[in-house]
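The primary structure of each chain is shown beneath.
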Amino acid sequence: YIFGASQAQLYRWIEEGAPELYQRVKAAVQAGRWEVQGATWVEMDSNLISGESMLRQFYYGKQFFRREFGLDMKILWLPDSFGYSACLPQVMKLAGVPYFLTQKMSWNTVNKFPYHTFRWQSPDGSEVLAHMLPDETYNGPVTAERMKFGERNYQERKISNQAIMLFGIGDGGAGPGYEHIERMERFRNIEGEPEVIPSKAIDAFQKLDDGTVYPVHQGELYLEKHQGTYTTQSANKFYNRKCEFALRNYELLMLLAGGKTALPLSPERLDALWKEILLYQFHDILPGSSINRVYDESQARYQAIYSEVTQAVAALSSTVFGRGFFNFNSFADTVTVKEHGKWYQAEIPSLGFLPREELNEITTFHAHAEKDFIENDCVKITFENGFIRSFYDKRMGREFTDEARRMAVIAQYRDVGDCWDIRYASSRREARCVGFETMVGGPCATAKGSYRIGDSTVTMDYHLMDHSPALQIELTIDCHQKSRMLRIEFPTSIETDECSFNVPFGHIKRKTTENNSVEKAQYEVSGQKFVDLSCGEYGLSLVNDCKYGFRCKNGVIDVNLIRSPSGGPGHNVDQGVHHIKLALLPHEGGLSRETYALAYQLNNPIYETAGDAASGPASCYASSNTNIVLESVQLSRDGNGAVLRLYNCSEAAQAAEISLSGYRNAGLTDVMEDTLEPCQGTLSFRPFELKLLKIEKIL
């Protein structure tokens, strides 16, 4: 009998709270009676977290197990998460983790997942060996009936006679009882039954990985269940996104400061904050499927962390820059401000600083508004009873709204599900507009609407800035509902059978049709910063700053704003005030870097600095190809630079030359910085490929 347990966070808690017990754990590991499992800080959700969070899950998890146990973890252990992001195999490869274990895909409600042992492939082509337990449970009772089921059910049994079984009470942490162990001993060799061999999981994977040619699954592992977790407990999802960007910005400032100033947050404190954010990404916390106490405590901590990091960003930026504006993104952006009754504007390059005195005054404006429309030099938005009747792009001469339906309609549905699962009832109510006005301020045309639906109120502010086709929408929702969900829908004129959804390090496509059981089962899907409908010649992107649940069928982009299920385990879910930002972007051609740029700009806008420094770099980052996105940075372990996370946001191969002022490119590395592959000049990227580029200070 060998005990197994995953999650670095749990070991860390034992180490801190029960040091004598922890030493016994370490002794059991050393004696081979305890298998340390998993390669991440916690068994995280992967649909809702950023690419950098995903990398840090592996970085801190593997770092802990190396330091404490001298083990280099090789298995991503996620038996219970609610579906798995398409980019995971690529991140696993970069983390040196070749194996993936789950059983969750057996929970599909409509279509049986076709494999148990298979090669799982990311959009960039990275591949790992995946195994889904054939007895389809992490609570294996080790009974004859259940083992025979696993034997019959094993879909690769014709090419492999090896499979993994997890026995005991895995859900709830009770572990195996004496009866499990006794039955396991009796089934070592019984005629007509599968042979049970007590083993470590890593040994079992190495037996599976014997050169057998297994089937290949490309893209995400979509779970046809628990779609409500993309939206439930919206406040945690909001703060997770905000904290991810705040931590990113602070570490970038640490790099730019270059050790020339005292840090408001030490590297050790930064690590501690990252680990706490990673803890809240556990697959029953961030998805919203825990009891109320979890959210009372985690939301208080989120607010404290966000405040601490944003204050640190303000303090550190004031020592690096003078009074002006800094662009934290790898896409150029435009800043517009009003001072003393005058309007000023300027473009700021990627990772660039603009002193305030270099703003250019603007005196010619294109923004215009009347009772039922707002417009600028790019688009005209017409309203009817407070909702969008027409979204007309002047540049293309094209209407983007479905002629029979209005856009931005807030609808409430009866949802009799629980915190995991959406269960629609037939009732649908539309919000009623109770106030609407338009106005112009310099280069900005604005419409303001007020709405009521049941006991909830909504305000929506629509903004159009000169020279931009993007319509920004700011929602404030005071939610008072139970067994209901609020959604906002955007019927379009675009005819396409695919919709693109942002995921870490790129995007994936899903069908907008319902031609078969697979497509119908995807009635609600996850996405991150944007979704996009394109038909080749033109398209429409919807960008957001904190939403993850979408339904995109038959030309309609439908966003789940707030769920308030009554089925538990949480109660009185998401009552109160919520702030959400959206942006609609019409574009020519298919999905491109234009949408990615807006997604980062909406989530991480131009930052106003108020420092005493003489100036700051006009731009410290250079890329010869704007399809290559600088997602984030991590200071390198040797303290002499950083690792840049660079990915290709294009569906085509790309090449780029990358540089950061004051640093030289040292080579391509991995998540743990174990290897360094020299690189000079141009970097070649496969579609959606992530590269980790190490940079070092120029002495």
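See above for the structure.
Residues numbered from 1 in each chain as written. Predicted model: local features only at pLDDT ≥ 70, side-chain atom pairs only at ≥ 80, totals over all residues. Heavy atoms only, no water.

Q: Would you explain the pairing of strand E21 (residues 444-453) in this entry?
A: Side-chain positions along a regular strand alternate between the two faces of the sheet. Along E21, 7 of the 10 residues are buried, which leaves the element largely enclosed by surrounding structure. When strand E20 (residues 432-441) meets E21, the two strands line up antiparallel, connected through 9 bridges. Its bridge partner lying in E21, Val440 is registered against Ala445. Following E20, the chain reverses through 2 residues before pairing antiparallel with E21; Gly442 in that reversal takes a positive phi of roughly 60°. The pairing of E21 with strand E22 (residues 456-465) spans 10 bridges and is classified as antiparallel. Its bridge partner lying in E22, Ile453 is registered against Ser456. (Buried < 20%, exposed > 50% of the residue type's maximum accessible area, 1.4 Å probe, protein only. Helix = DSSP H or I, 4+ residues; strand = E, 2+ residues; numbered from the N terminus. Pairing = 2+ DSSP bridges.)

Q: I keep staring at the nonpolar core and nothing clicks. Help me out?
A: Nonpolar side chains tend toward joint burial in soluble globular proteins. In this structure, Phe58, Tyr462 and Leu475 are the most contacted members of the largest nonpolar core, which totals 176 residues. No other element matches helix H8 (residues 234-257), which puts 11 residues into this core. Those residues within four positions of Phe58 in sequence are excluded, and the remaining contacts are Ala39, Thr40, Met44, Gln63, Leu76, Leu88, Val91, Met92, Ala95, Val97, Val671 and Met672. Counting 15 residues, the second-largest nonpolar core is a separate cluster that includes Leu129, Ile164, Ala201 and Tyr214. (Core = buried A, V, L, I, M, F, W, Y, C linked by side-chain atoms within 4.5 Å. Contact = heavy atoms within 4.5 Å.)

Q: Help me understand the packing of aromatic side chains, please; the structure alone is not making it clear to me.
A: Aromatic ring pairs are reported here in terms of the distance separating the ring centres and the angle at which the planes meet. Under the counting rule described, the total for this entry stands at 35 aromatic pairs. Judged by centre distance (6.3 Å) and plane angle (40°), the ring pair of Phe65 and Phe69 falls under tilted. Linking Phe65 with Phe69, this pair stays in helix H3 (residues 51-69), spanning 4 residues, or about one helical turn. With relative accessibility at 0%, the residue Phe65 sits in the buried group. Judged by relative accessible area, Phe69 falls into the buried class, the value being 14%. Chaining the aromatic ring pairs together yields one cluster made of Phe3, Tyr11, Tyr22, Trp34, Trp41, Phe64, Phe65 and Phe69. The lysine or arginine in question, Arg398, covers the ring of Tyr538, its NZ or CZ lying 3.7 Å from the ring centre. (Phe/Tyr/Trp six-rings, centres within 6.5 Å; stacked < 30°, edge-to-face > 60°. Lys NZ or Arg CZ within 6 Å of the ring centre and 35° of its normal.)

Honestly, it's all geometry; don't read function into it.
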